[in-house]
Amino acid sequence: MDYNKEERTKLFDSFVHTLEELSEIVVQLTKAETAKAEVASSGEHGKMDSFLKEEQALLLRFRGLEQQRNRKAIELGWKDLTFRQIIENVEKEDVAVLSPLFTQMEKQIEELARARDSSNRIISVRLREFEHILGASTLGGFPEAGGPSRFHDRYV
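Residues numbered from 1 in each chain as written. Predicted model: local features only at pLDDT ≥ 70, side-chain atom pairs only at ≥ 80, totals over all residues. Heavy atoms only, no water.

Let's shift gears to the overall build of the chain. Helices and strands together make up the secondary structure of the chain, namely 5 helices and 0 strands. Counting from the amino terminus, the chain carries its helices and strands in the arrangement α-α-α-α-α. Considering only contacts in the chain between residues 6 or more positions apart, those separated by 24 or more positions represent 73%. Counting every atom, the chain has about 10,900 Å² of accessible surface; 53% of that belongs to carbon and sulfur. (Helix = DSSP H or I, 4+ residues; strand = E, 2+ residues; numbered from the N terminus. Contact = heavy atoms within 4.5 Å. Areas by Shrake-Rupley, 256 points an atom, 1.4 Å probe, with all protein chains shown as cover.)

This is the structure in structure tokens:
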């Protein structure tokens, strides 16, 4: 697109602001994943719902910002370009702004991926534990303290 310098500067600044907001959301998502993992690890499953709702809201905000970023990238002539390709195609003063942002976001996304992997592993272990407990209950081995369960008799 053909923009004068002032319009392009505004669009570029808006693109940078969107990236900064995306970066903040990634940090918040990482914190939410870490907290979710801690809750699952400690067995406080009642608290999980609040973390899932928070995460869902953050993901919706992330998707909206990602759409904004994509639209602005297209307007700047960067359709389908990776961050590295954008860096290769911009002026030096733009590189000075974008490069640290891209580096920061790359690190934050790696941290989010690690936190998500950890959270998923812990939740998977907890699910296997529940499956084991449920399997034991159908074989008559659960619950130990309260006598035989009549749940199956009443509801199935």
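Next up on the list: the pattern of salt bridges. Within the structure shown, the criterion is met by 11 salt bridges. Among the salt bridges present, the one from Glu33 reaches Arg116, with a minimum N-O distance of 3.0 Å. Residue Glu33 is found in helix α1 (residues 5-42), and its partner Arg116 is found in helix α4 (residues 92-138); the two are separated by 83 residues along the sequence. Classification of Glu33 by relative accessible area gives buried; the value is 0%. With its nearest N and O atoms 2.6 Å apart, the salt bridge here joins Arg69 to Glu66. (Salt bridge = Lys/Arg side-chain N within 4 Å of Asp/Glu carboxyl O. Buried < 20%, exposed > 50% of the residue type's maximum accessible area, 1.4 Å probe, protein only.)

Among the secondary structure elements, Val95 is positioned in helix α4. Setting aside anything within four residues of it in sequence, one finds Val95 in contact with Ile87, Val90 and Pro100.

Moving on: the side chain of Lys72. Its location among the elements puts Lys72 in helix α2 (residues 48-75). In this structure Lys72 is buried but unpaired, with Glu21 as the nearest side chain of opposite charge at 6.5 Å. Looking at Lys72, its side chain comes within polar contact range of the side chain of Ser14, at 2.6 Å. Each residue touching Lys72, except ones within four places of it in the same chain, is listed here: Leu11, Ser14, Phe15 and Thr18. (Lys, Arg positive; Asp, Glu negative; His and termini not counted. Polar contact = N/O pair within 3.5 Å; in protein donor to acceptor, adjacent residues only side chain to side chain.)

This paragraph deals with α1. An ideal rise of 1.5 Å per residue puts 56 Å on 38 residues; α1 measures up with 55 Å between its terminal C-alpha atoms. The opening residue of α1 is Asn4, an N-cap whose side-chain oxygen sits 3.0 Å from the backbone nitrogen of Glu6. Taken from the residues just after α1, Gly43 is the one with a positive phi, measuring 80°. (Expected span 1.5 Å × (residues − 1).)

With 28 residues, α2 should cover 40 Å at 1.5 Å per step; its first-to-last C-alpha distance of 41 Å lies within 8% of that length. Downstream of α2 by one or two residues, Gly77 has phi in the positive range, about 85°.

Moving on, we get to the nonpolar core. Nonpolar side chains in soluble globular proteins tend to be buried together. Membership of the largest hydrophobic core comes to 22 residues, with the highest contact counts inside it found for Phe15, Leu19, Trp78, Ile86, Leu98 and Phe102. Those elements that place two or more of their residues in this core are α1, α2 and α4. A per-element tally of this core places α1 first, with 10 residues. Those residues within four positions of Leu98 in sequence are excluded, and the remaining contacts are Phe12, Phe15, Val16, Leu19, Trp78, Ile86, Ile87 and Val90. (Core = buried A, V, L, I, M, F, W, Y, C linked by side-chain atoms within 4.5 Å.)

What follows covers the packing of α1 against α2. Orientation of α1 relative to α2, taken along the N-to-C sense of each, is 160°, at an axis distance of 9 Å. As the angle between them shows, α1 and α2 are arranged roughly antiparallel. In this structure, α1 meets α2 at a crossing whose hand is left-handed. For the contact of α1 with α2, the per-class residue count stands at 19 nonpolar, 4 polar and 10 charged. (Axes fitted to C-alpha atoms, helices over the stretch in contact; angles between N-to-C directions. Parallel < 35°, antiparallel > 145°, perpendicular 65-115°, else oblique. Left-handed = near helix turned anticlockwise from the far one by under 90°. Nonpolar A, V, L, I, M, F, W, Y, C, P; charged D, E, K, R; others polar.)

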